[in-house]
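Observations on the model geometry
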Amino acid sequence: MTKVLIDCDPGIDDAMALALAAGAPGIELVAITTVGGNVDLSLTTANALALREFLDLGDIPVTPGSAGALLHRTVRAGDIHGDTGLGGAVLPAPLLAVSEGHAVDRIIDTLRAAPGEITLVAIGPLTNIALAVRREPRIVEWARDLVIMGGSFTRGNHNPAAEFNMLADPEAAAIVFEAGWTVKMLGLDVTLTAVVTSAVLDRMRPLGRLAELLVPAAQFYGAVTDLAGPAIHDACAVAYVMDPSLVTMVPAVVNVEVIGEYTRGMTVVDFRLRERRANALVATGLDAGRFWDVVLGAYVRLAERLG
Ligand code: RIB
Ligand code: CA
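Everything quoted here is computed from the prediction, not taken from an experiment. (Residues numbered from 1 in each chain as written. Chains lettered and ligands numbered in written order. Predicted model: local features only at pLDDT ≥ 70, side-chain atom pairs only at ≥ 80, totals over all residues. Heavy atoms only, no water.)

As a further point, take the nonpolar core. By size, the foremost hydrophobic cluster in this structure holds 71 residues, and its most contacted members are Ile-6, Leu-55, Met-204, Leu-210, Phe-291 and Tyr-299. Among residues more than four places away in sequence, those in contact with Met-204 are Met-16, Val-196, Ala-211, Leu-214, Val-215, Trp-292, Leu-296 and Tyr-299. In terms of nonpolar packing, the next biggest core, distinct from the first, is built from 37 residues, Ile-107, Ala-122, Ile-175 and Ala-280 among them. (Core = buried A, V, L, I, M, F, W, Y, C linked by side-chain atoms within 4.5 Å. Buried < 20%, exposed > 50% of the residue type's maximum accessible area, 1.4 Å probe, protein only. Contact = heavy atoms within 4.5 Å.)

Here it is, written out as structure tokens:
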């Protein structure tokens, strides 16, 4: 069983990633921390609280963190995730309250208590992770792994150069890549192939209560057709933890542009490894067919629990 802490900004694909973690046979989700990103922190946290109960995650802590970026203006994606952040999905109001404290301390305390055991999965802007590294640099050794959805070596999405999570806080991303661990980076290069086509959506429809989240959320996230559909970026990070053989990873030196007028937030990925030791393993391929078998298998398992 792999113990996982997910730092997220739910967010439609964050919700699908949390559902995947909830249904994954080999994952124990031990904590959720939230960050401002797709929508404001108040909404990402409210969504995480609702998802904790809807996904039958028990009373694992949900701890809010940073509302915005370390340095510059806040970037949001409400146009993509909708006013609530969960697109067309409406979940029952949560009964349990948010956990005490700040996400940064939750991350540090969770890793300190179980050195080498916890995989950190970051699927939103990296502000909480960067602050945790600055507050307690030893988390770099304590974390079993750091897996992020973010960046790319080919293109952006929020603009031609930058992927949203990196653009939302480039300084934080730069701190995380320079911290000394080997970041497992699943960028747009692979996540854009994890699309919900109509065939995939048809496999979600019979999943009972879980379908009440997955189907409207996916349909809001993008036009679903026989050949194309919305990419559930964040679920790729959880799927990698479930089965690393789904993803081809290549060592690289990753730098984050924090200045460029047109390139701020771009992940500059150097596979040549001439001057420096790799600070990342960068995903260059995803077995999309097996990805959906793994994901839908976990969703079916969760649906049997939820009814
Ligand atoms: O670029 C995709 C990423 O940005 C995903 O994490 C999505 O939730 C948004 O935060
Ligand atoms: Ca996200």
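Past the structure itself, the notes keep going.
On to the pairing of strand β4 (residues 118-122). Burial within β4 is extensive, with 5 of its 5 residues counted as buried. Burial along β4 is two-sided: Ile-118, Leu-120 and Ala-122 and Thr-119 and Val-121, pointing in opposite directions, are all buried. Direction of pairing for strand β1 (residues 2-8) relative to β4: parallel, over a ladder of 5 bridges. Directly across from Ile-6, in β4, lies its bridge partner Val-121. When β4 meets strand β5 (residues 145-149), the two strands line up parallel, connected through 4 bridges. Looking at β5, one finds that Thr-119 is bridged to Asp-145. (Helix = DSSP H or I, 4+ residues; strand = E, 2+ residues; numbered from the N terminus. Pairing = 2+ DSSP bridges.)

Positionally, Asp-270 belongs in strand β8 (residues 267-270). Overall, the relative accessible area of 17% leaves Asp-270 in the buried class.

What follows is about the side chain of Glu-136. Note that Glu-136 resides in the loop between α5 (127-135) and α6 (139-142). Reaching out from Glu-136, the side chain makes a polar contact with the backbone nitrogen of Arg-138 at a distance of 2.9 Å. Contacts of Glu-136, omitting those with residues within four sequence positions, involve Ile-108, Arg-112 and Trp-142. (Polar contact = N/O pair within 3.5 Å; in protein donor to acceptor, adjacent residues only side chain to side chain.)

To continue, consider the packing of helix α11 (residues 208-221) against helix α13 (residues 288-306). Packing of α11 against α13 leaves a shortest axis separation of 7 Å and a crossing angle of 125°. Considering the angle they form, α11 stands oblique to α13. Residue-level contacts link Arg-209, Leu-210 and Leu-214 of α11 to Tyr-299, Leu-302, Ala-303 and Leu-306 of α13. Class assignment for the residues of the contact of α11 with α13 results in 6 nonpolar, no polar and 1 charged. (Axes fitted to C-alpha atoms, helices over the stretch in contact; angles between N-to-C directions. Parallel < 35°, antiparallel > 145°, perpendicular 65-115°, else oblique. Nonpolar A, V, L, I, M, F, W, Y, C, P; charged D, E, K, R; others polar.)

Let's shift gears to the site of ligand 1. Neighbouring ligand 1 are 13 residues, the closest being Asp-13, Asp-14, Asn-157, Glu-163 and Asp-234. Between ligand 1 and Asn-38, the relevant distance is 2.9 Å, taken from an oxygen atom to a side-chain nitrogen or oxygen of the residue. The contact in question runs from an oxygen atom of ligand 1 to an N or O atom on the side chain of Asp-234, over 2.6 Å. When ligand 1 sits alone it has 270 Å² of accessible area, and the protein chains cover 97% of it. Residue assignment for the shell around ligand 1 shows that the elements contributing at least two residues are α1 (12-23), α7 (164-168) and α12 (233-242). Its residues assigned to classes, the shell around ligand 1 shows 3 nonpolar, 5 polar and 5 charged. (Near = heavy atom within 4 Å. Areas by Shrake-Rupley, 256 points an atom, 1.4 Å probe, with all protein chains shown as cover.)

Attention now goes to empty space enclosed by the protein. In the structure shown here, the tally under the stated rule is 1 cavity of 30 Å³ or more. There is about 40 Å³ of room inside the largest cavity. Gly-36, Gly-37, Gly-68, Ala-69, Thr-74, Val-75, Arg-76, Pro-125, Thr-127 and Ala-168 together form the lining of the largest cavity. Of the residues assigned to the lining of the largest cavity, the class counts are 4 nonpolar, 5 polar and 1 charged. (1 Å grid on protein atoms, 1.4 Å probe; cavity = no way out; pocket = protein on both sides within 12 Å on 5 of 7 lines; lining within 4 Å. Points joined across faces, edges and corners; volume = space filled by probe spheres on them.)

Attention now goes to the pattern of salt bridges. By the definition in use, this model includes 14 salt bridges. Two residues, Lys-3 and Glu-117, come together in a salt bridge whose shortest N-O distance is 3.4 Å. Pair noted here: Lys-3 is in strand β1 and Glu-117 is in the loop between α4 (103-113) and β4, with a separation of 114 residues, a long-range link. Residue Asp-105 pairs with Arg-135 through a salt bridge whose shortest N-O separation is 2.7 Å. Of this pair, Asp-105 sits in helix α4 while Arg-135 sits in helix α5, and the two are 30 residues apart along the sequence. (Salt bridge = Lys/Arg side-chain N within 4 Å of Asp/Glu carboxyl O.)

A separate point is the layout of surface pockets. When its volume is computed, the largest pocket comes out at roughly 280 Å³. Forming the walls of the largest pocket are 20 residues, and the residues nearest its centre are Ile-80, His-81, Asn-157, Tyr-221 and His-233. Of the residues that constitute the lining of the largest pocket, the class distribution is 9 nonpolar, 6 polar and 5 charged. Its volume calculated, the second largest pocket comes out at about 170 Å³. Every residue lining the second largest pocket is listed: His-72, Arg-73, Val-75, Asn-159, Leu-167, Ala-168, Pro-170, Gly-260, Glu-261, Tyr-262, Thr-263 and Arg-264.

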